[in-house]
Amino acid sequence: MRIGILGTGALAEGLGRAWVQAGHEVVIGGRSRAKADALAERLGATARAAAPRAAVAERDAVLLAVLWTGVEDVLRSAGANEGTLAGVPLIDPTNAVEHGVGVLLTEQGDSAAARIAAAAPGAQVVKAFHLYPAAQWARPPADGAGADTSAPTVAICGDDEAALRVVSDLVRDVGGVPATLGTLVRARQLEEVAGFVIGLAFAGFDPASAIPRVPTGTVSA
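Just so you know, these numbers come straight off a predicted model, no measurement behind them.

So, how was this worked out
Residues numbered from 1 in each chain as written. Predicted model: local features only at pLDDT ≥ 70, side-chain atom pairs only at ≥ 80, totals over all residues. Heavy atoms only, no water. Helix = DSSP H or I, 4+ residues; strand = E, 2+ residues; numbered from the N terminus. Expected span 1.5 Å × (residues − 1). Buried < 20%, exposed > 50% of the residue type's maximum accessible area, 1.4 Å probe, protein only. Polar contact = N/O pair within 3.5 Å; in protein donor to acceptor, adjacent residues only side chain to side chain. Pairing = 2+ DSSP bridges. Axes fitted to C-alpha atoms, helices over the stretch in contact; angles between N-to-C directions. Contact = heavy atoms within 4.5 Å. Phe/Tyr/Trp six-rings, centres within 6.5 Å; stacked < 30°, edge-to-face > 60°. Salt bridge = Lys/Arg side-chain N within 4 Å of Asp/Glu carboxyl O.

Asks: What's the story with helix H6 (residues 161-173) in this structure? I'm lost.
Replies: An α-helical turn contains 3.6 residues, so any two residues separated by three or four positions project in the same direction. Under the 1.5 Å per step criterion, the end-to-end length of H6 is 19 Å for 13 residues, consistent within 8% with the ideal 18 Å. Listing the buried residues of H6 in full gives Ala163, Leu164, Val166, Val167, Ser168, Leu170 and Val171. Between the side-chain oxygen at the start of H6 and the backbone nitrogen of alanine 162 there is a gap of 3.2 Å, and the oxygen is on aspartate 160. One or two positions beyond H6, positive phi appears at glycine 175, with a value near 95 degrees.

Asks: Where do I start with the environment of glycine 23 in this structure?
Replies: Relative to the helices and strands, glycine 23 resides in the loop between helix H1 (10-21) and strand S2 (25-29). The exposure class of glycine 23 is exposed, given its relative accessible area of 56%.

Asks: It is not clear to me how the sheet that holds strand S5 (residues 89-92) should be interpreted in this structure. Could you clarify?
Replies: What holds strands together in a sheet is hydrogen bonding between their backbones, with the strands either parallel or antiparallel. Strand order in this open sheet of eight strands is S3-S2-S1-S4-S5-S6-S7-S8, and the pairing throughout is mixed. Single-partner strands in this sheet number two, and they are strand S3 (47-49) and strand S8 (177-180). The sheet shows a mean angle of 25 degrees between the axes of neighbouring strands, direction not considered. Of the strand pairs in this sheet, S2 and S3 are connected by three bridges, and their pairing is parallel. By the bridge assignment, valine 27 is partnered in S3 with arginine 48. Here helix H5 (residues 112-119) sits on the sheet and contacts strand S4 (61-64), S5 and strand S6 (124-127); the angle it forms with S6, its principal contact strand, is near 160 degrees. Here helix H7 (residues 187-202) sits on the sheet and contacts S5, S6 and strand S7 (153-158); the angle it forms with S7, its principal contact strand, is near 145 degrees.

Asks: Just to check I follow, could you spell out the packing of aromatic side chains for this structure?
Replies: The description of an aromatic ring pair uses the distance of the two centres, along with the angle that the planes make with each other. Tallied over the entire structure, the rule returns three aromatic pairs. Look at phenylalanine 129 and tryptophan 137: their rings are 5.4 Å apart centre to centre, the planes differ by 85 degrees, and that puts the pair in the edge-to-face class. Note on tryptophan 137: relative accessible area 2%, which makes it buried. Judged by centre distance (5.7 Å) and plane angle (70 degrees), the rings of tyrosine 132 and tryptophan 137 are edge-to-face. The class of tyrosine 132 is partly exposed, set by a relative accessible area of 31%. Feature note: the residues Trp19, Phe129, Tyr132 and Trp137 constitute an aromatic cluster, connected by ring pairs.

Asks: Hey, could you run me through the pattern of salt bridges in this one?
Replies: Between side chains of opposite charge, a pair can form when the charged atoms approach closely. Enumeration according to the criterion identifies 13 salt bridges in this entry. Residues arginine 2 and aspartate 60 are paired through a salt bridge, measuring 3.2 Å at the closest nitrogen-oxygen approach. Note that arginine 2 is positioned in strand S1 (residues 2-6) and aspartate 60 in the loop between helix H3 (52-56) and S4, a separation of 58 residues in sequence. Judged by its relative accessible area of 27%, aspartate 60 is partly exposed.

What follows is the structure, encoded as C-alpha cells:
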C-alpha cells in the first residue's frame, strides 16, 4: 500500500518501520521537514519525506501520529479541512488524556476520533493503535503472528467497511490481531479504556492485573 504518516515521533517510527519491512511505501509528513527527512532516512527502503499535504496525496491510508495537542495544526497543514483526506482511511491512534492521570480532555459524550472526523471532512476515520506503546511495534512480528493467540489484539472501530479492512490488514502486517468493535460511536469507549490503562500505570499498578481473564466463548448474554 501507499501509506502517509503525519508525525515524526516514536509511533510514526515504530509503525513506519514495520510497514516498510512489510513492503509498503511510506511517506513521512511532519511539521518539521528536517525531522521528517531524518525519519525517512532511518526507515530507508521505500520511505521518503514530503510536505504534509503531499504526504497524504493519493494514499491508500494515512496515520495521524501526533500528540493530541498537535492534531489540529497537522491536519490543517495537510489540507484536511479542504477535503484532501476525503475517502481515505485515516488511522487515529491519539489519546486526548490528561498526562499522568488518564482523564479524557474531550467533553462527555464526545471523542477524539469524532473531533478528527469533523476536522477532516470526508475522511474514513478508524480508531486504532491507541493502547500499546510505540515500542510494541518496533519488535519484528513472529511468523504467523496474525493467528497467534499471544499476538497483541488491536481494537478498532470505524464507519466504513472498506477502511476497516485496510486498517485490519495493516494491523496484521505489524504482528497484531485486529478486533473490530463497531462503528465510530464506540471510539469514546475505546478512548476511556486508554485513560483507564494510563491512570493505573501512572499510579504504579499493572493494568493487566485489573482486567479479569475471560476465556474466549465463555461469555453469554
